[in-house]
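The residues making up each chain are set out below.
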Amino acid sequence: MPTPIHTSRAARRRWQWAIVIAGAVFLQCVLNGSALIGQTVMLPLGVLAQGRNYLPPDPKAPPVEAAQSVAFSDSVLNYEFSRRFAVEEFRAGRVPMWDPYSYAGVPFTHFGKYSPFNCVYFAFPGPITLAWMHLLKCLVATAGAFAVFRKIVGARFWPAAVGAWCYPLTGYFVLWQSFPISFVVAWYPALLVAVASVVRRSTGLGVIALAAFTTLTVLAGHADVGAQAIVASGLFGVWCLIRRYRSHGRAATLWAAAALTTGWGAGLALSAPYLLPLLEYAKTGQRIALRTAGAEERPPGELLDLLPMLIADWDGSHRTGAAFFANGNQMEGPAGAYVGLLATLAMAPLAWASRRHRALNIFWGITALLGAAWAIGIPGLVDLLRLPGLNMVSHNRFVFVTGFALLALAVTGLNRVWNRWPKWQPWFAAPGVLLAIILLASLARMTSLPANFEDRLLRMPEPEAKLLRAELASIYQLAALVSAIGVVVWVAFALGRAGPRGTRWLAAGMLLELIVWAKGYNPQSDPRLYFPPIAVIERIKEAGNERAVAVLCLPANLTQTLGLRDVRGYDGIDPRPVLEVLDRTREPFDSSPPYARTQSYIPAIQISSEGRLRVPAALSMLNVRYLILPAKLDSATPPVWEAEGYTVYENPAALPRVFVPNKVEVLRDDSAVLEAVAAPEFNPAVVSYVAEPVNVSSHAEGVASVSEMKPTEVVVSVDMKESGIVVLADQWAKGWRAVVDGSDAPIVRVNHALRGVVVPGGTHTIVFRYHPPGLLTGLWLALFGGLGLAFWYIGLRLWPWRGLANVAAMRGPKGK
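The structure contained in this document is the topic of the report that follows. (Residues numbered from 1 in each chain as written. Predicted model: local features only at pLDDT ≥ 70, side-chain atom pairs only at ≥ 80, totals over all residues. Heavy atoms only, no water.)

## Description of the overall build of the protein
So, step 1. Within the protein, the regular secondary structure consists of 28 helices and 19 strands.
So, step 2. A compact globule built from 816 residues should have a C-alpha radius of gyration of about 28 Å, and the protein, at 30 Å, falls within 12% of that.
So, step 3. C-alpha atoms of the protein, sized along the principal axes, occupy 95 × 80 × 50 Å.
So, step 4. For the protein, the proportion of its 816 residues judged to be buried stands at 56%.
So, step 5. Put simply, 75% of the contacts in the protein that link residues at least 6 apart link residues at least 24 apart. (Helix = DSSP H or I, 4+ residues; strand = E, 2+ residues; numbered from the N terminus. Rg over C-alpha atoms; globule rule 2.2 N^0.38 Å. Buried < 20%, exposed > 50% of the residue type's maximum accessible area, 1.4 Å probe, protein only. Contact = heavy atoms within 4.5 Å.)

Spelled out as structure tokens, the structure:
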């Protein structure tokens, strides 16, 4: 029976956890209460009203806020459609593996379809669920941070609670609010707690917890940042093992290292069904090819970029009605490490006054430096991160490690002074001086903006420039106020006036600073703006399953609102086969960025001397039947539909979804095939190009049609007069298999990007089925990972050598 003392401790712990969770819920209700009850949507839907993105001009439509930054667009133009497609597939009884709506078909691997956060949406699809997903993410982050501050830092309840409440309000979570990256970072504290638990007691359940949190980190939906989170937890594991070796010797350290390896290995194995197909798809990506060649999407920063880590909006912001004056965008910059000026320069330095935390503080300091290395351009470390292999990762996003390390130091400092401030030491003047410098700089910027700011403001209309000046003034006023409070804190400390009451106010100030900054950063929108139907898209969908391309409107993925199929796409990978074909059909003034080459793709449309519309033959080959434009063309070709500001033209040369070319020619070189496909005289109905010889007649004729179509299965009926090749106008990709009349048949890569099957004369049925490459191996690895965890745990519980592990773990310091 538990003793009264144990019972009271357990009850106190339950109350403490209840207070922490309740506080986190309260703060999210303050920030996002209207979205939680459905009055607003936690998406920047104003993006849809910019230019001709989606919403047509309509005086009767609900008012839309001032233009919102394109930096928010991915949450509207990408992830929302991936969630909706996953819901469609799961409710049809299928696991979403192949997306037929983008890139003429593409593996559906980039999205975190197995993440618990997204599973909430799958169970309850709808815009209101987005706010509840965000709340769940914040609760996971808060709980993990509280566990770190209590179990690893060893802080008192209130300092740990304040730090835990601050964590989901820090820069990374606010800037990346609607992105899967923040889902990944929410699991990071739990990873650290699991690592510490494994090292402390290698025979406990920590190994299973480590495997579970490693799996959840990978499945969150952003493998790039997930790998960074696991690497950061590995650095913490190394630090724990060093401490273990110094206190308990070699045997205990080896047991702990084996347990850590088992936990991480099992976690990666359990996530392999998601991870391996993603890696296979990434190999085909244009972005990966560019990075392999040494391209840097975001070059390293410089030392002055430390300022946005202290004051997130130092260079402006992307919030509605504001502007960001630095290069790139704010969320990709050092502001992701922002935890508040008071936390960084008032509380974090005091962590070094805690003698018992010196070793842990060194670890936090090293990881803070590593996380910010790329963002502030630390020489040597930047060169290291540019090495082959490492250059595949977006190092600018590693600042989440810096942010958490700074917050951990702030909690340690707050804990140190919670009841009594330490004795003044001369080096304590340094953070006070820094705060004074920031105070003076903020006051200076209130009256005189930098030259690059002034230049941009002078080029803007006067009303807009006036509003932006007021917005910038408010940023620097707040920075001056917070830095002045920090100066007062250090002056009070130097004069011996700092005490417990001031500490409580300072803790409240840390939290309030983040709340004020986070409030309203990510715009919330009127639910009526949530993808209202567009008559033009509905008509195209009713006309059949032919593809459509929007030009100068409706960026890639937006046509998915009603299931319209497209050859464009936007998933962060950009598959090369179809991309290389489209690259040779685009206009020279196409402005699509290098990391999203078809998001705003503009095909080279021509008007003939007779006034007829001419579409590149490659698009006709890809079954592009319709072109959607925001205005009429000056041509003799009449539009087929006009509605709500959109005009739709039909491409009469478009081939059906499946077709039979008259002849096949062999071109072994990919570049030669691409040049032939892009040539003005190319006619895909007459000739197709393959890389290897195929056994077909010199002139084939046949009729083919799609009789059944699912994302991962397409059934084609064929009636051939003689042998020929049947071409399905879907992107070629590894994993597709073909069965002709019940017998396996090889799939031929046709015209560089399409799938073809050689069929003899007569009537036949072709079934195309997709099995993601790497999935079967991933399932086996997941099985072995689960079995490995089970054997590890059962072995430690039942086998005789469990006692050896416990003896090694319980040994005292070396030499005793």
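## A short note on the packing of helix α4 (residues 127-152) against helix α18 (residues 399-416)
So, step 1. Direction vectors running N to C along α4 and α18 enclose 50 degrees, while the axes themselves pass 11 Å from each other. Taken together, the axis directions place α4 and α18 in an arrangement best described as oblique. Seen along the crossing, α4 lies across α18 with a hand that is right-handed. Here Ala145, Val148 and Phe149 of α4 come into contact with α18, specifically with Phe404, Leu407, Ala408 and Val411.
So, step 2. In terms of residue class, the contact of α4 with α18 is built from seven nonpolar, no polar and no charged. (Axes fitted to C-alpha atoms, helices over the stretch in contact; angles between N-to-C directions. Parallel < 35°, antiparallel > 145°, perpendicular 65-115°, else oblique. Left-handed = near helix turned anticlockwise from the far one by under 90°. Nonpolar A, V, L, I, M, F, W, Y, C, P; charged D, E, K, R; others polar.)

## With respect to the nonpolar core
So, step 1. In this structure, Phe149, Trp364, Leu554 and Ile628 are the most contacted members of the largest nonpolar core, which totals 227 residues.
So, step 2. Ranked by residue count, the leading element in this core is α18, at twelve residues.
So, step 3. Setting aside residues no more than four positions away along its own chain, Ile628 makes contact with Val536, Ile540, Ala548, Val549, Ala550, Val551, Cys553, Leu554, Leu564, Tyr646, Thr647 and Val648.
So, step 4. Counting 23 residues, the second largest nonpolar core, distinct from the first, contains Val658, Val726, Ile766 and Leu775. (Core = buried A, V, L, I, M, F, W, Y, C linked by side-chain atoms within 4.5 Å.)

## Side note on a positive patch on the surface
So, step 1. Residues Arg9, Arg12, Arg13, Arg14, Arg150, Lys151 and Arg200 make up a contiguous surface patch of positive charge.
So, step 2. Contributions of two or more residues to the positive patch are made by α1 (4-36) and α4.
So, step 3. Among the elements that take part in the positive patch, α1 stands out by supplying four residues, more than any other.
So, step 4. Its place among the elements puts Arg14 in helix α1. (Patch = residues over 30% accessible without salt bridge, like charges linked within 9 Å, V, L, I, M, F, W, Y side chains within 5 Å. Areas by Shrake-Rupley, 256 points an atom, 1.4 Å probe, with all protein chains shown as cover. Salt bridge = Lys/Arg side-chain N within 4 Å of Asp/Glu carboxyl O. Lys, Arg positive; Asp, Glu negative; His and termini not counted. Charge placed at Lys NZ, Arg CZ, Asp CG, Glu CD.)

## Focus on unusual backbone geometry
So, step 1. If you check the backbone angles, Asp574 has positive phi at about 60 degrees while not being a glycine.
So, step 2. Looking at the secondary structure, you find Asp574 in the loop between β3 (547-550) and α24 (576-583).
So, step 3. With a phi close to 50 degrees, Asn751 is a non-glycine residue in the positive phi region.
So, step 4. Locating Asn751 in the fold gives a position in the loop between β17 (748-750) and β18 (754-759).

## What about the packing of aromatic side chains?
So, step 1. Evaluation of the coordinates by the stated rule reveals 49 aromatic pairs.
So, step 2. Taken together, a centroid distance of 5.1 Å and an interplanar angle of 85 degrees make the contact between Trp98 and Trp736 edge-to-face. In this pair, Trp98 sits in strand β1 (residues 98-99) while Trp736 sits in strand β15 (residues 736-740), placing the two residues 638 residues apart along the sequence. Both residues of the pair, Trp98 and Trp736, belong to the buried class.
So, step 3. Where Phe325 meets Phe453, the ring centres are 4.4 Å apart and the plane angle is 20 degrees; that geometry is what we call stacked. Of this pair, Phe325 sits in the loop between α14 (307-310) and α15 (341-347) while Phe453 sits in helix α20 (residues 451-458), and the two are 128 residues apart along the sequence.
So, step 4. Phe325 sits in the buried class, given a relative accessible area of 5%.
So, step 5. Here Arg504 stacks its cationic end above the ring of Trp418, 4.1 Å away from the centre of that ring. (Phe/Tyr/Trp six-rings, centres within 6.5 Å; stacked < 30°, edge-to-face > 60°. Lys NZ or Arg CZ within 6 Å of the ring centre and 35° of its normal.)

## Some words on the sheet that holds strand β13 (residues 713-720)
What holds strands together in a sheet is hydrogen bonding between their backbones, with the strands either parallel or antiparallel.
So, step 1. Taken in spatial order, the five strands of this open sheet run β12-β13-β19-β15-β16, and their pairing is antiparallel. The sheet is open, and its two edges are formed by β12 (702-710) and β16 (743-745), each paired on a single side. Across the sheet, the mean angle from the axis of one strand to that of its neighbour is 25 degrees, orientation sign disregarded. (Pairing = 2+ DSSP bridges.)

## Brief notes about the sheet that holds strand β7 (residues 641-643)
So, step 1. Ordered by their spatial adjacency, four strands build an open sheet running β3-β6-β8-β7, and the pairing between neighbours is mixed. Looking at the sheet topology across the chains shown, the edges are occupied by β3 and β7. Adjacent strand axes in the sheet meet at a mean angle of 20 degrees, parallel and antiparallel pairs treated alike.
So, step 2. Sitting on the sheet, helix α23 (residues 535-543) is in contact with β3, β6 (624-629), β7 and β8 (646-650), with an inclination near 150 degrees to β7.

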